[in-house]
Amino acid sequence: MLGMMMQSQLTLTEVMRHANANFPNSEIISVTADNPRHRYRYREAFARTAQLANALQKLGAEPGDRIATLAWNDYRHFELYYATSCSGLVCHTINPRLFPEQIAYIINHAEDRWLFIDPMFVPLLEALADQLTTVKGYVVLTDSDHMPVTDLPNAHCYEELLALEPENFDWPLLDEGTAAALCYTSGTTGNPKGVLYSHRAMVLHTYGVLMPDVFALQQDEAVLPVVPMFHVNAWAVPYAVPAVGAKLVFPGPKMGCGETLSNLIREEGVTIAAGVPTVWLALLKHLREHDQTVPSLNRVVVGGSACPWSVMEEFEQKHGVYTHHAWGMTEMSPLGTYNARVPADLPAEEARARRLKQGRAAFGVEMRIVDEQGQPPPHDGQAFGALQVRGPWICERYFKAEESALTSDGWFDTGDVATIDPQGYLGITDRTKDVIKSGGEWISSIELENFAMTQEGIAEAAVIGVSHERWAERPLLVVVAAPGAALDTRAIIRAFEGHVAKWWIPDDCILVEELPHTATGKISKKDLRQQLAEYRWPEETPA
Ligand code: AMP
């Protein structure tokens, strides 16, 4: 027997309609290249979104066409999110930090029709334009006063296009399975792969993000997404915030700038901010050096890489800000797990151990770990396994792939290795390809890095497996010193004693000027292994 409820489609158009009808006066604040502090309200944002949808139609965009963006987090990018997806087009966000040849590959693979780009990316696209076989033209995200002179073919100015259009648009009734957005994984191996998000997945994921033990957003909050809009839709913040009518604060191209972040938080009353660990290091450094604090800020969400304890501690002790650790990936829209506030009466050591984990599965995500024999290891917080997931906002197959991306029994293998403890907390120990196997046993590089980062004077740390005659592989610790710090590598190794299993202690520690990073800001262990290909263990390494 079927239920007898209305069959309304779960689409982003409904998010936009809801926000426009109920919260027309909520604000959107942006830093842009042409304005240090742009501000307007939802009412205006969605009127301009309608103008943009009209303009896209005039440019000849057809349902299903991919419309690409190379842009920072700001209000024009926000308008593009809704104007494309809600008119049946696909918003393809591209990471401008990728190598130019990867960008060209992605644009051609996605068969993008129009490219909407921030002025600073014009030279990048001018150099690539000849190779882009499907692109009909370019729209520069600026006004006529700031429009650069360009030899890009068929180039338009965004504000000039919008000015010609009416402020309403006949939004089509879309099926919830319609593609809304496309994002390519950073592709540390092989070519980047596209994840094609549907409206239904985005709406369900929005509900997931908003849950009380997840972001728990409320109407009277101000939200600062420091995670780029070109990386997994800025963790869905541009959908979740309008769904509750809160204030959105976009940092534009100044995402890594501690001063801009501090000013935005203090002047716009930001209550919650989300980003990868490196941006918080920049903010905390600025606050420390300028003796500032951020009274309105209540919590930050940290994901993308494991969050060092020093970040959580400094936020809490100096600024009264609670840090929530979250885990996810491009293929998961990205929410997988979230570490909710631990009970206030939990003993300090236990609280710290729990908070360093990645949290519990959000409702909508199922997870399991499997060992090398395909069996489930116990959920004891110790045994490792390949982490697999399933749920309505998880990728089933990559864009244009003939084959499903799932295991034969319907799970998506994340490529992460993890533990699950009896309370259901996930602990990411490594990427599968970064796991260190010493004498047949796995060593968690993330746990070693976490401990290294608690030591004074270490700005960044990475642990990689280096081949070893007797044990097959042993951990090597590579550190970057904080400005002005003099590090004693032997003392760093000695400090591990008593904090991790004896056989986990890195056999050597070397100091480098900087570590290689991927386009999404993670340490690139692949590049680090390449850089250290010639490394040999010191003679005295115990066998
Ligand atoms: P991406 O698809 O670029 O967002 O990268 C996803 C990958 O980042 C995951 O599969 C993890 O390896 C890593 N990751 C994300 N969040 C965390 C976290 N909180 N702790 C450790 N690794 C993380």
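Keep in mind that what you see is a predicted model, and the values were worked out from it rather than measured.

1. Observations concerning the overall build of the protein
Regarding its fold elements, the protein presents 16 helices and 25 strands. Taking 2.2 N^0.38 as the reference for a compact globule, 543 residues should give roughly 24 Å; the C-alpha atoms of the protein span a radius of gyration of 24 Å, in line with that estimate. Along the first, second and third principal axes, the C-alpha atoms of the protein reach 75 × 60 × 55 Å. Counting over 543 residues, the protein shows a buried share of 57%. Considering only intrachain contacts with a sequence separation of at least 6, the fraction spanning at least 24 residues in the protein is 66%. Separation of charge centres in the protein, based on 44 positive and 69 negative side chains, amounts to 2 Å.

2. Side note on the site of the ligand
Near the ligand, the surroundings consist of 14 residues, among which A326, T330, Q358, D416 and R431 are the closest. A distance of 3.0 Å separates a nitrogen atom of the ligand from a polar atom in the backbone of G304. A per-element tally of the shell around the ligand places strand β14 (residues 322-328) first, with four residues. Classifying every residue of the shell around the ligand by side-chain character gives four nonpolar, seven polar and three charged.

3. A closer look at the nonpolar core
In terms of nonpolar packing, the biggest core is built from 147 residues, with F116, L125, F215 and W280 touching the most fellow members. When residues in this core are grouped by element, the largest group, eight residues, is from helix α2 (residues 42-58).

4. Describing the sheet that holds strand β13 (residues 299-302)
Judged by pairing direction, the sheet is mixed, and its nine strands sit side by side in the order β2-β1-β11-β10-β12-β13-β14-β15-β16 without closing on themselves. Lying at the two open borders of the sheet, with one neighbouring strand each, are β2 (35-41) and β16 (360-361). Judged from the three bridges that link them, strand β10 (residues 222-225) and strand β12 (residues 272-275) form a sheet pairing that is parallel. Note that in β12 the partner of P225 across the bridge is A274. Contacts from helix α12 (residues 309-319) reach β13 and β14 within the one sheet, and its direction differs from that of β14 by about 145°.

5. So, the layout of surface pockets
A volume near 900 Å³ is recorded for the second largest pocket. Listing elements by their share of the lining of the second largest pocket, those giving two or more residues are α13 (348-355), β20 (426-431), β22 (441-443) and α14 (445-453). Here the residues of the lining of the second largest pocket are counted per class, giving 13 nonpolar, twelve polar and nine charged.

6. Observations regarding the sheet that holds strand β17 (residues 366-370)
The strands making up a sheet associate through backbone hydrogen bonding, with each pair oriented either parallel or antiparallel. Ordered in space as β17-β18-β19-β20, the four strands form an open sheet in which the pairing is antiparallel. Every interior strand has two partners, whereas the edge strands, β17 and β20, have only one. With strand direction ignored, the average angle separating the axes of adjacent strands in the sheet is 45°. Examined bridge by bridge, strand β18 (residues 385-390) and strand β19 (residues 412-420) share four bridges and lie antiparallel to one another. Bridge pairing in β19 links V389 to F412.

7. Concerning the packing of aromatic side chains
Counted by the stated rule, this structure contains 19 aromatic pairs. With 6.3 Å between their ring centres and 85° between their planes, F116 and Y158 make a pair best called edge-to-face. Here Y158 lies in helix α6 (residues 158-163) and F116 lies in strand β5 (residues 114-117), a separation of 42 residues in the sequence. There is no split in this pair, since F116 and Y158 are both buried. Members of the aromatic cluster, each reached through a chain of ring pairs, are Y42, F46, F78, Y81, Y82, Y239 and F250. A cation over an aromatic ring shows up here: R355 above the ring of Y322, its NZ or CZ 4.1 Å from the ring centre.

8. Thoughts on the pairing of β2
Taken together, the five bridges between strand β1 (residues 27-32) and β2 define a ladder with antiparallel strand orientation. Its bridge partner being in β2, I29 is matched across the sheet by R39. Joining the antiparallel neighbours β1 and β2 is a turn of two residues.

9. With respect to the domain arrangement of the protein
Each domain of the protein was delimited in the assignment, giving domain 1 (9-26 + 41-198) and domain 2 (435-540). When each unit is reduced to the centre of its C-alpha atoms, the spacing between domain 1 and domain 2 is 41 Å.

10. Regarding the side chain of R474
Note that R474 resides in strand β24 (residues 472-481). Engagement of the side chain of R474 in a polar contact is seen with the side chain of D507, the distance being 2.9 Å. In this structure, R474 is in contact with I436, S438, I443, I464, G465, V466, H468, W503, I505, D507 and W537, ignoring residues within four places of it in sequence.

11. Digging into the pattern of salt bridges
Scanning the entire structure with this criterion turns up 29 salt bridges. Residue E111 is joined to K400 by a salt bridge in which the shortest nitrogen-to-oxygen separation is 2.6 Å. Here the residue E111 occupies a position in the loop between α4 (100-110) and β5, and K400 occupies one in the loop between β18 and β19, the gap between them amounting to 289 residues. Under the relative-accessibility criterion, E111 is labelled partly exposed at 30%. Here R368 ties to D409 by a salt bridge, and the two come within 3.0 Å at their closest N and O atoms. One end of the pair, R368, is in strand β17; the other, D409, is in the loop between β18 and β19, with 41 residues separating them in the sequence. Taking the relative accessible area as the measure of exposure, D409 reaches 45% and is therefore partly exposed. By sharing partners, the salt bridges in this structure join E27, R37, R39, K247, E267 and E268 into a single network.

12. Section: empty space enclosed by the protein
Across all of its chains, the model carries one cavity of 30 Å³ or more by this definition. One number sums up the size of the largest cavity: a volume of about 70 Å³. T32, A33, D74, D118 and P119 are the residues nearest the centre of the largest cavity, which is lined by 13 residues in total. Split into classes, the residues belonging to the lining of the largest cavity amount to seven nonpolar, two polar and four charged.

Cut-off values and rules
Residue numbering note: each chain is counted from 1, following its sequence as written. Per-residue local features of the predicted model are confined to residues with pLDDT of at least 70, and side-chain atom pairs are confined, for both listing and counting, to 80 or more; whole-chain, interface and lining totals are unaffected and use all residues. As a rule here, side-chain values come from all non-hydrogen atoms in the structure, and water together with hydrogens is ignored. A run of H or I in DSSP becomes a helix once it reaches four residues, and a run of E becomes a strand once it reaches two; helices and strands are each numbered from the N terminus. This radius of gyration counts C-alpha atoms alone. The globule rule is 2.2 Å times how many residues there are, raised to the power 0.38. For every residue, the accessible area obtained with a 1.4 Å probe (protein chains only) is divided by the maximum for its type, and the residue is called buried under 20%, exposed over 50%, and partly exposed between those limits. Throughout, a residue-residue contact means that at least one pair of heavy atoms, one from each residue, lies within 4.5 Å. Positive residues here are Lys and Arg, negative ones are Asp and Glu, while His and the chain termini are left out of the count. The location of each charge is read from NZ of Lys, CZ of Arg, CG of Asp or CD of Glu. Any residue with a heavy atom positioned within 4 Å of a molecule or strand is treated as near that molecule or strand. Residues adjacent in sequence count toward polar contacts only when both atoms are side-chain atoms; beyond that, a polar contact is any pair of N or O atoms within 3.5 Å, and within protein one must be able to donate a hydrogen and the other to accept it. Residues were grouped as follows: Ala, Val, Leu, Ile, Met, Phe, Trp, Tyr, Cys and Pro as nonpolar; Asp, Glu, Lys and Arg as charged; and all remaining residues, including Gly, as polar. Residues grouped as a nonpolar core are buried Ala, Val, Leu, Ile, Met, Phe, Trp, Tyr and Cys residues, joined through side-chain atoms within 4.5 Å. In this scheme, strands are said to pair when DSSP sees at least two bridges between them. Only the contacting stretch of a helix is used when fitting its axis, a line to C-alpha atoms as for every element, and angles between N-to-C directions run 0 to 180 degrees. Cavity: a set of points on a 1 Å grid over the protein atoms alone where a 1.4 Å probe fits but cannot get out. Pocket: an open set with protein on both sides within 12 Å along at least five of seven lines, its lining residues, like those of a cavity, having an atom within 4 Å of a point. Grid points are joined across faces, edges and corners, and a volume is the space filled by probe spheres set on the points. Here a Phe, Tyr or Trp ring, Trp counted by its six-membered ring, pairs with any other such ring whose centre lies within 6.5 Å, and the pair is stacked when the planes are under 30 degrees apart, edge-to-face when over 60, and tilted otherwise. Charges are assigned to positions over rings by a cutoff of 6 Å between ring centre and Lys NZ or Arg CZ, combined with an angular limit of 35 degrees from the ring normal. Boundaries between domains were set according to an automatic or database domain assignment. The term salt bridge refers to a pairing of a side-chain nitrogen on Lys or Arg with a carboxyl oxygen on Asp or Glu at a separation within 4 Å.

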